[in-house]
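# Chain and residue survey
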Amino acid sequence: MESIAKGLFAGTIETEGLVPYPKLTDEERETVAFLLDAFRKFAKENINAEKIDAEHTIGDDIIKGLGEMGILGMTIPEAYGGFGFTPSQYGRVMEEMTRFCASTAILVGAHQSIGYKGIVLAGTEEQKQQWLPPLATGERLAAFALTEPEAGSDASAVKTVARYDAERRGYVLNGTKQWITNGGIAHTITTIAKTGESALTTFIVDTAAPGFSIGKTERKMGLKGSSTTQLIFEDLFVPEANLLGRKGRGFLLFMKVLDTGRMGLAASCLGGCKEMIKQAYEFAGRRKQFGTVVGEYEMVRHKFARMAAYTYAAESMVYLSTGLVSGGFDDYAAESCLCKFFVTEVLWNVINDALQCAGGNGYMEEYPFERYLRDARINLIFEGTNEITRMYAAHMGLRHAQKAVRGGAARGDLAWAPDGLRDECAELLALVRKFGEHNRALHERYGTGLNDREYHLERVADIAAGLYAAVATLSRTVEEIKQRPEALTYGRAFLHFELPRLRDLLESDFTAADTLKTAVSDHLYSKGGYPFDRWEI
Ligand code: MYA
């Protein structure tokens, strides 16, 4: 199967995997419903997001409860004590966790989206048997340690060194990791270190081993209940048996882990969107100003329509992507990057709109909007900044488009889309084809130099994400309207909000604007900041 996201860059709509829209089986749905019931009951009684935020800690009783429920082992195969959830099932539960408490969601997400994911993906049978069962129950917690002071976005610039010690049959690790989620509470760390000039290898570290210590604990803007620390490795001995995956192939393994992690993060964001819409509705539905309920005003209606339409599209895009992966599709790095930056920005905009609907109260700690705003800001930065995920998606897509040119004309149409959306489909199809031509023209103009043309790459990534969200929305709507005909209105609203933006990105001439971006930033950098003072005081 071809990647649907990459196909769009070549002007193609791949229907395999897209139609019919992926669904959970009855059994998968039942297991999720069962776990969600248990979680909701537990969360109502035990998880107080306000308290967690104020006290900067998630109690051991909460972690213990999550472990007993099986939440910490959702993605571990049943053979090792987990539920063996697919990415779609996992995403649905992460949504709910984020609705209750983002700090708790991040603990769970960092534990399994990335912390032990490398062991599930690349562990040997012995490693899985040794490490996964206690991680499934929460007896042990996991963290993923990639980032270093000098290796943030530039993830392969890792400085931590792993030196082989033949006598002890293992590796001696020296280095510092930073901003590690769960750093202060994890027992099992998957990490990466240099085993050669440019070779990176991944390891499983037991935090009880001598030479391991926890450095500084970060004070953060949000997600205050989660633990974020430095980790220090000083002659930390890691037995050969804890080498994860293949020696020298650690970077690729960690990138794969992040590909799945980014989808999990996007799914979590959906829960945030839904909760914010609910909170804003509760507020705007009862607050009266000038004798009228605030929600009746058109500027407020506009915000609700925008929040709902974009949440519907984001949800369509996430569960299309997780559905493809659940069905065995493996080339999902592009889908995952598009979901990551598009959906984290949808949540950010939704929170902004929701807070605005609550007016002055939205700014007060008494209401949850400001906490969501603080918690959600990091989503645009971690698991690959939205600049890096844009750049990487554009690189992958443009490379694919170049190869596809040799394969002939763009393929696929939207004949399967709902009848009520014919005009929108015609517009969307024209935009997809135009995108293919646009990318071919970019290649002809810049050749390999295109890789560094970030003004172009940024627009290309934005168009790709919008188009991917649009085709996902159409496919989902075909299924959704069978039970809920009103879904057509939400899908249509998204297309009416988004397609004009995409048309503008594809058709406007940005030459002058791009030149000015360089000119202004050059001048500002040379002056060390904004150079004007109208009053010269
Ligand atoms: S964890 C830390 C996150 N850090 C990052 O994401 C780092 C970002 N940087 C990168 O991803 C890479 O360095 C980039 C490329 C992409 C820039 N899939 O020469 P290259 C392959 C598959 O391009 P670079 C955190 O934040 C590539 O094809 N393969 O390398 C925790 C090539 O392979 P080959 C990939 O420029 C947050 C090779 O690698 C990928 O250095 C906790 C080299 O490529 C890929 N993606 O890298 C979150 N990328 O040689 C918990 C590259 O075979 C979330 N390659 O062609 C839980 C949810 C909670 C919710 C809360 C809600 C409020």
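Thresholds applied
Residues numbered from 1 in each chain as written. Predicted model: local features only at pLDDT ≥ 70, side-chain atom pairs only at ≥ 80, totals over all residues. Heavy atoms only, no water. Helix = DSSP H or I, 4+ residues; strand = E, 2+ residues; numbered from the N terminus. Rg over C-alpha atoms; globule rule 2.2 N^0.38 Å. Buried < 20%, exposed > 50% of the residue type's maximum accessible area, 1.4 Å probe, protein only. Areas by Shrake-Rupley, 256 points an atom, 1.4 Å probe, with all protein chains shown as cover. Lys, Arg positive; Asp, Glu negative; His and termini not counted. Charge placed at Lys NZ, Arg CZ, Asp CG, Glu CD. Salt bridge = Lys/Arg side-chain N within 4 Å of Asp/Glu carboxyl O. Pairing = 2+ DSSP bridges. Contact = heavy atoms within 4.5 Å. Core = buried A, V, L, I, M, F, W, Y, C linked by side-chain atoms within 4.5 Å. Expected span 1.5 Å × (residues − 1). Near = heavy atom within 4 Å. Polar contact = N/O pair within 3.5 Å; in protein donor to acceptor, adjacent residues only side chain to side chain. Domains from an automatic or database assignment. Buried area = accessible area lost by both parts, 1.4 Å probe.

### Some details on the overall build of the protein
- Across its full length, the protein carries 17 helices and 10 strands.
- Relative to its length of 537 residues, the protein is compact, with a C-alpha radius of gyration of 24 Å against a globular reference of 24 Å.
- Looking at the protein as a whole, 54% of its 537 residues qualify as buried.
- Accessible area of the protein: about 24,600 Å², with a carbon and sulfur share of 51%.
- Between the centroid of the 61 positive side chains of the protein and the centroid of its 71 negative side chains there is a distance of 2 Å.

### Observations regarding the pattern of salt bridges
- Per the stated rule, a full pass over the model turns up 40 salt bridges.
- E96 serves as the salt-bridge partner of R92, at 3.2 Å between the closest nitrogen and oxygen. With R92 and E96 both in helix 5 (residues 87-100) and four residues apart, this pair spans about one turn of that helix.
- The exposure class of R92 is partly exposed, given its relative accessible area of 24%.
- E96 gets classed as buried once you look at its relative accessible area, which sits at 7%.
- The salt bridge involving R140 is made with D206; its shortest N-O contact spans 3.2 Å. Of this pair, R140 sits in the loop between helix 8 (125-137) and strand 1 (142-145) while D206 sits in strand 5 (residues 200-206), and the two are 66 residues apart along the sequence.
- By relative accessible area, D206 is classed as partly exposed at 27%.
- Among the charged side chains, a network of salt bridges with common partners joins D37, R40, R92, E95, E96, K274, E315, R476, E480 and R484.

### Some details on the pairing of strand 3 (residues 170-181)
- Pairing geometry for strand 2 (residues 161-165) and strand 3, over five bridges, is antiparallel. If you follow A162 over to strand 3, its bridge partner there is L173.
- What sits between the antiparallel neighbours strand 2 and strand 3 is a turn of four residues, in which R169 has the positive phi angle 50°.
- In terms of strand pairing, strand 3 meets strand 7 (residues 228-239) through nine bridges, oriented antiparallel. Residue pairing for strand 7: G170 is matched across the bridge by P239.

### Regarding the side chain of S316
- Inspection of the secondary structure assignment puts S316 in helix 10 (residues 298-326).
- Note on S316: relative accessible area 0%, which makes it buried.
- Filtering out sequence-adjacent residues up to four positions away, S316 remains in contact with Y21, A472, T473 and R476.

### A few points about the nonpolar core
- M317, F342 and Y468 are the most contacted members of the largest nonpolar core, which totals 92 residues.
- Leave out the neighbours within four places in its chain, and F342 touches Y310, M317, A465, G466, A469, F494 and E498.
- Core analysis: the second largest hydrophobic core is formed by 27 residues, L35, I47, M69 and M74 among them.

### Concerning helix 5
- With 14 residues, helix 5 should reach 20 Å at 1.5 Å per residue; the first-to-last C-alpha distance of 20 Å fits that figure.
- Along helix 5, 10 of the 14 residues are buried, which leaves the element largely enclosed by surrounding structure.
- Of the residues making up helix 5, those classed as buried are S88, Q89, Y90, G91, V93, M94, E95, E96, M97 and T98.
- For helix 5, the secondary structure elements touched by its buried residues are helix 2 (26-46), helix 4 (60-69), helix 6 (102-115), helix 9 (250-284), helix 10 and helix 12 (369-377).

### With respect to the site of the ligand
- With respect to spatial proximity, 30 residues lie near the ligand, and among them S153, D259, R262, E383 and G384 are the closest.
- A distance of 2.8 Å separates a nitrogen atom of the ligand from a polar atom in the backbone of S153.
- Note that an oxygen atom of the ligand is positioned 2.7 Å from one of the backbone N or O atoms of E383.
- In the complex, 75% of the free accessible area of the ligand, which totals 1,300 Å², lies under the protein chains.
- When residues of the shell around the ligand are traced back to their parent elements, those giving at least two are helix 6, helix 9 and helix 13 (386-406).
- Per element, the largest residue contribution to the shell around the ligand is eight residues, and it comes from helix 9.

### With respect to the domain arrangement of the protein
- When its domains are assigned, the protein resolves into domain 1 (4-18 + 254-507), domain 2 (26-137) and domain 3 (142-247).
- Every contact between the two is made by 11 residues of domain 1 and, on the other side, 13 residues of domain 3.
- Interface of domain 1 and domain 3: buried area, both sides summed, is about 910 Å²; carbon and sulfur atoms make up 81% of it.
- Area buried by domain 1 at its contact with domain 3 is led by F254, R374 and D375, which between them contribute 60% of it.
- For the pair domain 1 and domain 3, the number of links is zero salt bridges.
- Counting across the domain 1 and domain 3 interface gives two residue pairs in polar contact (both at pLDDT 80 or more).
- The leading source of residues in the side of domain 1 that touches domain 3 is helix 9, at four residues.

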